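A structural walkthrough
Single-letter residue listing:
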Amino acid sequence: MTESPTTRPPAGRYGPEPTARSVRRGRLGLVAAGVLGATLVIWIGLNLAGQPVSWKDVGFHVQDSRAIEVTFEVTKPKESTVTCTVTALSESYGQVGVRIVEVGPADSATRRVTATVQTTELAVSGTVEPCELVEEP
């Protein structure tokens, strides 16, 4: 068995050989893309950190073909009031019920809330989105 003395492909097979200038330009492009990506991640993180309200679905319980209970957690400033839109969904992901729930001031920043949503047909899922601060007059 004979081994090839060179591991490079034949000249010109995959385009011209890279020059020092093109290699340098490629590296600068990668560095610029990395800096841009890091800047974007930091900007998004700071914007999300500035959002005073967050929420997450905890679960749901189908009562019958006319109602569903949706449980969710809201994190907000203790003294603030938020409104959350609670939606009931059918098997085909169609909206079959909606309710606006107001969550007022409390002793803790995070509250668990269970809301009953009346439905027009059997709901198979319930979700919350969005929760927004109520503007004080």
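The notes below deal with the structure included here. (Residues numbered from 1 in each chain as written. Predicted model: local features only at pLDDT ≥ 70, side-chain atom pairs only at ≥ 80, totals over all residues. Heavy atoms only, no water.)

**Thoughts on the sheet that holds strand β3 (residues 82-89)**
Here three strands make up an open sheet; going across it, the order is β4-β3-β6 and the pairing antiparallel. Single-partner strands in this sheet number two, and they are β4 (95-103) and β6 (125-133). Each neighbouring strand pair of the sheet contributes to a mean axis angle of 20°, computed without reference to strand direction. Where β3 lies against β4, eight bridges are found, and the strand directions are antiparallel. When the sheet's bridge partners are listed, V82 is paired in β4 with V103. (Pairing = 2+ DSSP bridges. Helix = DSSP H or I, 4+ residues; strand = E, 2+ residues; numbered from the N terminus. Axes fitted to C-alpha atoms, helices over the stretch in contact; angles between N-to-C directions.)

**Quick word on unusual backbone geometry**
Here E129 and P130 are connected by a cis peptide whose omega angle stands at -5°. One non-glycine residue with positive phi stands out, namely Y93, at about 65°. By the element assignment, Y93 lies in the loop between β3 and β4. The class for Y93 is exposed, based on a relative accessible area of 69%. (Buried < 20%, exposed > 50% of the residue type's maximum accessible area, 1.4 Å probe, protein only.)

Shape descriptors only; they carry no functional weight alone.
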